[in-house]
Amino acid sequence: MPFRPALLSVFLLVFALPSFVFGDEEKRFVAMLEDGRIVEDDVLRNWYSGNAMPQLAGQSLIHGNNPMRWMIDRSLGPAEMPNAYIELFSGDRIPGHTNAYSPASVEYQVDVPEYFTVTPSFSFRRSPDSRYRSDVRVKRDFVRKIVWQQQPSLIDRHVPATVFLKNGREISFRAIRFSEAGVHLLSGRERMTIGFHEVAEIHLENESVWEKHLDELAILFPDGKTEPADQQRLVQWETSDGLVATTCVQRIDADSRGDNNNSDRWVHGIQPAWSLDPIWVECRSTWIRRSWPMHEMPLFRLPFQENRSKAMFSRNGFSARVNRGILAGTAKSGERTSGWNFGVMAPSELSFTLPPIATGFQTFVGIDQAAHDRGCIRGLVKVSWESSPKFQSESIVGSEKLIDAGNIHWGETPKNGQLILEADMAHESRPDGADPFDIRDMTNWIEPRIELDKEKLHQAIYDRTPRTMLAWQGWTLESKREDLKFQTIRRRVEYAHEVLSWRETVIAKNEPLRLSMKKKIDPDSRYLEVNVSKFDGGDEVELGVLVNGIPVLEQPLKNTNTHDHVNSPPPMLVDLDPFMDSEVTIELTQSVGPDNMPIDWRGITFSAKPSFLRPVLDAPSLADVEAMKNLDGESVDATWRNEIRLVSRPAVEIADGPWVQIASFDQPIEIRERPLPGQFRQMRFAFQKRGKGYVQIRLLHANDAERPAIYSVATSKAEKGVVELQPKKVEEDLWEIAHADIFSNFGEINIDGIAIQSTGEASSVWDQMVISSSASHYDRLVSISPINNRWDDWQKRSDDLLPRLMKATVEIKRPKKSPQSAILFDINQGLFATLGDDDWKRGETIEIIRDDGKTFQGKCLGMDPESKFAIAQIEKVEQSGEWAHFDLNSRDKFDPQFAYMVIQANEKPDSLSWDICRPLTFTKTYEILSAPEPFACQVGAIVIDRDHKIAGFVVALTPSGAPVLAIGHPLTERLTTLMGN
């Protein structure tokens, strides 16, 4: 084999060359523009802040009509393949050690997908002293392979569904499941568990790269477009540290560490679609930046198969390289340095499965500079569904010539249609003097790229965009697609747990955004948290929640506080307890808003407890109270209070005596100065002192014996070391509310439980004890105010109201209808308010039955078609003292801090069924009240407010029997119309 020594000599010579050769070029930065023009300069300008765009030699690089295709820093060279890294389906790569896997979950109130945590092997933070996270979270569904210990034979190769162990063993798997520190495999019929520390590389299953590409574009270009249109480009960073990361122009930020005129002091923040975190890249370490329009696809982003069966002397080794020459280093053919390429040793046949909307292809082909004036090849471009090549070059000898394949186009791409790049060693027809066979046939396919159908691409991205909203996973989008506008925005925050990042957001344009889900409510999903945010504008956009069609939340969105996460608006909160143990349909709505107010849907979470509020005494059961012990574990004198006139019942009464532990926590409640989501600082509670003396609260923690954390209320004579809270003087039997800043009083502690003590020969009643992260967050929990309601007055109030209610409340009988409750609101005209239905007929004759059984004739008047609130009129009202009336309340919205009296007819004559009920959920015009325990509430029940006026009617019942109260405002607003005047 006479050519083997010659071939070996060539390879030794080539490996002795520098890995990056640029000839006599002098300028530090060189860029190729889209029109093929080269610009170069020693200075890169104007890319030191987020609102600036880079320029080289006066040429704008990433916007305008002629942006760059690539730019290289000649002072740097390409990195060797890192020893450890994660590789994405797009060909991106982040060098570093993969530490752990996390399943899809909620982190800091935000929905996150499953991801891998990677500690990069390069500096990636905005500043060296940054206090923020030291790792990058990489989305699992974009990952192609994970490398802990590089296997040289696997560089630029992907072996689907295979684990390569450090001991050399290869395991093919049918299924893989990740845990925090390893993998569980199903290999054949065998199940096995392998720790990350045993693995060299994991190559994941083959997935549709085209589908991943569309996912990436839908994240980077929501709706399939950007404004301005000249920024519809992707930009890829490749550094001398081995990072390869692709983003869009909108997801690039810039900062300077000193001299704005010195590019070595710049850092650029980028966030690829596959990363949950921004990555800050030093300009001085960036070797190349590649850029291409959205409707193109560089060929290196597609997987390939190589066939070298015709190879002779180069058969062993020399697999194709991506964005490198075949012998490593930068590929260069002719005078053309490549921005990207495939380096192969002819003979080579590369096969790529084309995207279904591919319409054309462009490339250059030549011999690599490492072969100098030797080597001989011929390049061919084929498509699998045609017999003749789309392009065939002449014989190319030496590296000085570069051949343009031209603009190759075809019609519709068939399913699984393939593009084939063939580098033929051209042995039979090679010119005299050229190396024979496959000696030094080092070939470069320079800047190969696929053209995509623009309209079909835009439509595919447009249709896919809603699926990229992580918080919407599991929800059904009910809105028309054309009524929504999606866009990428920067989340401008500087929090301890979160920094500036880019998010996909949505605007409801013509109709409200609507999401729906069917779900069974259980104790683990009692609370619904909806975390949405915005940064600009007033309160125009509202979030709404409906359960089984019942409005339970309707709140305007407040702006996010950029620098203070503690006092930023917390998630919206809905108590789903009225729907416990039932399957319900939940609907979320976002109202129509202005174009400049995109909304970031961060998380939709069901949980047993809110993340920013911790109710401690939240409707305790009789069993809860009976199980209470003192600090020594002995039984105590605690009473369950559930009387009808106790507005916020049930509550707990603690007798004078030892400490009573009312709560214990499986996970300690962390008290911090600036609490993160899931941590706390403030406390609020309501209490009633029934006699002399005062009350105390003890926060139990690990160092309780040495450093007790005790509050006293209603005294100024507490023991030394006890913190006295306001009010220090209270009247007996009156309810009070007290607030405490736990951190200010006791510092950083972890609370394991809470105990209460009544001191001074008097018991105390407790309710509404809540721990929160901020005092401003209490309003997210619907809870009535004991002071506003003057709870003790309801005892007297109900006694005063009942005789009048008996004289004002009647039953109405309509033909072929069940009797329904009505209440007199105008004694002079004999007008009754009631709840109508679809069969309500103006002018229909009815019977009106008073509580004493006496019957009167009357007729139906009008009904409000939306609320179904109706008016009936008696023919004659006797002015004999047997009648009483209640005025209509003219309020147009509810206040959730107040309780109501719910009444309806009773089967017993001369009596009413009634109860005092508190709001559990509320909107402006609807509230769900606590279920009346003495009677089964019916639709049509009448509700009286604190002002002794008619608040509205019960229009529905929840599965637990809780009444849904609709405000009576339509009756006052349309009274004249409803009366027929």
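Residues numbered from 1 in each chain as written. Predicted model: local features only at pLDDT ≥ 70, side-chain atom pairs only at ≥ 80, totals over all residues. Heavy atoms only, no water.

To continue, consider unusual backbone geometry. For the bond running from alanine 346 to proline 347, omega is 5°, close enough to zero to count as cis. Topologically, proline 347 is positioned in the loop between strand E31 (341-345) and strand E32 (348-353). A cis amide bond links glutamine 726 with the next residue in sequence, proline 727, at an omega value of 0°. Located in the positive-phi region is asparagine 548, a residue other than glycine, with phi close to 50°. Looking at the secondary structure, you find asparagine 548 in the loop between strand E46 (542-547) and strand E47 (550-556). Residue class for asparagine 548 comes out partly exposed when judged on its relative accessible area of 40%. You will see that aspartate 733, though not glycine, has its phi angle at about 70°, which is positive. Within the secondary structure layout, aspartate 733 lies in the loop between strand E58 (723-725) and strand E59 (735-741). Among the residues examined, aspartate 733 registers a relative accessible area of 37% and is labelled partly exposed. (Helix = DSSP H or I, 4+ residues; strand = E, 2+ residues; numbered from the N terminus. Buried < 20%, exposed > 50% of the residue type's maximum accessible area, 1.4 Å probe, protein only.)

Examined bridge by bridge, strand E72 (residues 942-944) and strand E73 (residues 950-957) share three bridges and lie antiparallel to one another. If you follow isoleucine 944 over to E73, its bridge partner there is isoleucine 950. Remark: five residues form the turn of the hairpin made by E72 and E73, two consecutive strands paired antiparallel; histidine 948 in that turn has positive phi of roughly 65°. Sheet analysis places E73 next to strand E74 (residues 963-967), joined by five bridges and oriented antiparallel. Bridging across to E74, glycine 952 finds its partner in isoleucine 967. Between E73 and E74, which pair antiparallel and follow one another directly, the connecting turn spans five residues, one of which, glycine 961, has a positive phi of 90°. (Pairing = 2+ DSSP bridges.)

Turning our attention to the packing of aromatic side chains. Tallied over the entire structure, the rule returns 25 aromatic pairs. Ring geometry for tryptophan 472 and phenylalanine 486: centres 5.9 Å apart, planes at 70°, overall edge-to-face. Of this pair, tryptophan 472 sits in the loop between helix H3 (454-464) and strand E41 (476-477) while phenylalanine 486 sits in strand E42 (residues 484-491), and the two are 14 residues apart along the sequence. Taking the relative accessible area as the measure of exposure, tryptophan 472 reaches 5% and is therefore buried. By relative accessible area, which is 2% here, phenylalanine 486 ends up buried. Taken together, Tyr101, Phe116, Trp148, Phe178 and Phe196 form an aromatic cluster joined through their ring pairs. Between arginine 336 and the ring centre of phenylalanine 364, over which it is positioned, the NZ or CZ distance is 4.4 Å. One Lys or Arg, arginine 850, reaches over the ring of tryptophan 883 and ends 5.0 Å from the middle of that ring. (Phe/Tyr/Trp six-rings, centres within 6.5 Å; stacked < 30°, edge-to-face > 60°. Lys NZ or Arg CZ within 6 Å of the ring centre and 35° of its normal.)

This part covers the sheet that holds strand E4 (residues 55-56). Spatial ordering of the open sheet is given by E3-E4-E5, a layout of three strands whose pairing is antiparallel. This sheet does not close on itself; its edge strands, each paired only once, are strand E3 (44-45) and strand E5 (59-60). Judged from the two bridges that link them, E4 and E5 form a sheet pairing that is antiparallel. Along E5, the bridge assignment pairs glutamine 55 with serine 60.

Here the structure, examined in full by the defined rule, presents 55 salt bridges. Between glutamate 211 and arginine 464 there is a salt bridge, with its nearest N and O atoms 2.5 Å apart. Of this pair, glutamate 211 sits in helix H2 (residues 209-220) while arginine 464 sits in helix H3, and the two are 253 residues apart along the sequence. A relative accessible area of 34% places glutamate 211 in the partly exposed class. Between aspartate 864 and arginine 974 there is a salt bridge, with its nearest N and O atoms 2.9 Å apart. Of the two residues, aspartate 864 is situated in the loop between strand E66 (855-863) and strand E67 (869-874) and arginine 974 in the loop between helix H8 (969-973) and helix H9 (975-979); the sequence distance between them amounts to 110 residues. Using a relative accessible area of 8% as the deciding quantity, one classes aspartate 864 as buried. (Salt bridge = Lys/Arg side-chain N within 4 Å of Asp/Glu carboxyl O.)

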